[in-house]
Amino acid sequence: MGIKLTVVCSLVALVLPAPAYAVVGGVNVQSGHYPFVVAIGNAEGSDCGGTLIAPSVVLTAAHCVAANAAEPAKLRVLVGTEAISTGHSVAVSSVSLHPLFRTDTMRYDAALLFLEQPVTGVRTIAMADSSPLEGATVSAAGWGEIDEHAVALPDHLRRVVLTVRAKAACARGNKIPGGYYTPSMMCAGNPGRDTCAGDSGGPLVATSHGHTTIVGITSFGFGCARSAHPGVYTRVPSIRGWALGQIARTLAVAA
């Protein structure tokens, strides 16, 4: 998950949530099946995922990019590939963090990256305007760790099928400062399946009537694929209005 730290079983993880990284219990994505998923990194390498929601706009987790928000030139977005070792790197011109995001509570963990150049030939995905119900099937994708104790990240993009969990289970399994915040959070998981360190910022998607949308942003979790701790995702419908308004204002200025 987004900020799922690699070492999530430390005492710190008992106090603060750890950002998420790689998919546990998933499979490699077939070529072209998740074209809207991007990798986000800096000079140190790739450490988060993101979603292309417009040719020049990436939606990700705020905790992934907050440190570089004032210096967007340090960020790079890898697009158009399932493999970290290939693909096209695009520079970031500006970063917009959700105004209600806080690192201590992880509420409204969302950010927009505006790219210096529009991406061509790569399909984008729309943001959902409603959240899937408890029990719905969703999928997450990322380049994160394949288990909680992994020592290396995969090169190939992976996906995992998850189930949306009840609000009570989300709150019970994710006790964080300020409490589990239903308005901006949702959770999903299955036995042996989860997002993990390195997956943060990547998409949680759902398909209804043949139409696929992004419903969540990988945010945080306690460990990876622990049955009592389903992964937590930023609820996209809760930040959609802010995102659309920010995109309209930013692109209008750029024009």
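That block above? That's the structure.
Structure report, in brief. (Residues numbered from 1 in each chain as written. Predicted model: local features only at pLDDT ≥ 70, side-chain atom pairs only at ≥ 80, totals over all residues. Heavy atoms only, no water.)

Things to note about the packing of aromatic side chains
Evaluated as defined, the whole model comprises three aromatic pairs. For the pair Tyr-34 and Phe-36, a centre-to-centre distance of 5.7 Å together with 55° between the ring planes defines the contact as tilted. The buried category is assigned to Tyr-34, whose relative accessible area is 10%. With relative accessibility at 3%, the residue Phe-36 sits in the buried group. With a centroid separation of 6.5 Å and an interplanar angle of 90°, the aromatic rings of Phe-220 and Phe-222 are classed as edge-to-face. (Phe/Tyr/Trp six-rings, centres within 6.5 Å; stacked < 30°, edge-to-face > 60°. Buried < 20%, exposed > 50% of the residue type's maximum accessible area, 1.4 Å probe, protein only.)

Overview of helix α4 (residues 236-254)
The end-to-end C-alpha distance of α4 is 25 Å, a good match for the 27 Å that 19 residues give at a rise of 1.5 Å each. The largest bend along α4 measures about 25° and falls at Trp-242. Within α4 the residues assigned to the buried category are Val-236, Ile-239, Trp-242, Ala-243, Gln-246 and Ile-247. (Helix = DSSP H or I, 4+ residues; strand = E, 2+ residues; numbered from the N terminus. Expected span 1.5 Å × (residues − 1). Bend = angle between axes of the 7 residues up to and from the residue.)

A word on the pairing of strand β15 (residues 231-235)
Of all the five residues making up β15, five are buried; the element is thus mostly covered by neighbouring parts of the structure. Two elements, strand β12 (residues 185-189) and β15, share four bridges in a ladder whose sense is antiparallel. Paired with Cys-187 across the two strands is Val-232, which belongs to β15. The pairing of strand β14 (residues 211-221) with β15 spans four bridges and is antiparallel. In the strand pairing of β15, Ile-217 is matched with Thr-234. (Pairing = 2+ DSSP bridges.)

Observations concerning the pattern of salt bridges
For the structure on display, the rule yields two salt bridges. Between Glu-71 and Lys-74 there is a salt bridge whose closest N-O contact spans 3.3 Å. The salt bridge involving Arg-102 is made with Asp-104; its shortest N-O contact spans 2.5 Å. Classification of Arg-102 as partly exposed rests on a relative accessible area of 47%. (Salt bridge = Lys/Arg side-chain N within 4 Å of Asp/Glu carboxyl O.)

Some points on unusual backbone geometry
Positive phi, close to 65°, is recorded for Met-106, a residue that is not glycine. You can see Met-106 is positioned in the loop between β7 (88-97) and β8 (111-115). Judged by its relative accessible area of 5%, Met-106 falls in the buried class. In the Ramachandran plot, Tyr-108 falls in the positive-phi region, its phi being about 50° despite a non-glycine side chain. The class of Tyr-108 is buried, set by a relative accessible area of 13%.

Topic: the environment of Val-77
As for its placement among the helices and strands, Val-77 is situated in strand β6 (residues 76-79). For Val-77, a relative accessible area of 0% gives the class buried. Taking the C-alpha atoms as reference, Val-77 lies 8.7 Å from Val-58; in sequence the two are 19 residues apart. Residues contacting Val-77, with those up to four places away along its chain left out, are Val-38, Ala-39, Ile-40, Val-58, His-88, Ser-89, Val-90, Val-92, Leu-113 and Leu-115. (Contact = heavy atoms within 4.5 Å.)

As for the nonpolar core
Inside soluble globular proteins, nonpolar side chains tend to come together where they are buried. Counting 57 residues, the largest nonpolar core has Ile-40, Leu-59, Val-77, Leu-112 and Leu-113 as the members making the most contacts within it. Sequence-distant contacts of Leu-59, that is, excluding residues within four places in its chain, are made with Gly-50, Thr-51, Ile-53, Ala-111, Leu-112, Met-127, Gly-201, Ile-214, Ile-217, Val-236 and Ile-239. By size, the runner-up hydrophobic cluster in this structure holds twelve residues, among which are Val-138, Leu-162, Val-164 and Val-215. (Core = buried A, V, L, I, M, F, W, Y, C linked by side-chain atoms within 4.5 Å.)

Regarding the environment of Thr-124
Along the chain, the position of Thr-124 falls in the loop between β8 and β9 (126-127). Note: C-alpha distance between Thr-124 and Pro-55 (69 residues apart in sequence) is 6.9 Å. Every residue in contact with Thr-124, bar those within four places of it in the chain, is listed here: Phe-36, Leu-52, Ile-53, Ala-54 and Pro-55.

Things to note about the state of the cysteines
Summed over all chains, the structure comprises three disulfides. Across the disulfide from Cys-170 sits Cys-187; the S-S distance is 1.8 Å. Linking Cys-170 and Cys-187, the disulfide has an S-S dihedral of approximately -90° and is accordingly described as left-handed. Taken together, the residues Cys-170 in helix α3 (residues 167-173) and Cys-187 in strand β12 connect sequence positions 17 residues apart. We classify Cys-170 as buried; its relative accessible area is 1%. Put simply, Cys-196 and Cys-224 are joined by a disulfide, and their sulfur atoms are 2.0 Å apart. Across the S-S bond of Cys-196 and Cys-224 the torsion is about 80°, and the bridge reads as right-handed. (Disulfide = S-S within 2.5 Å.)

Coordinates in, geometry out; function isn't part of it.
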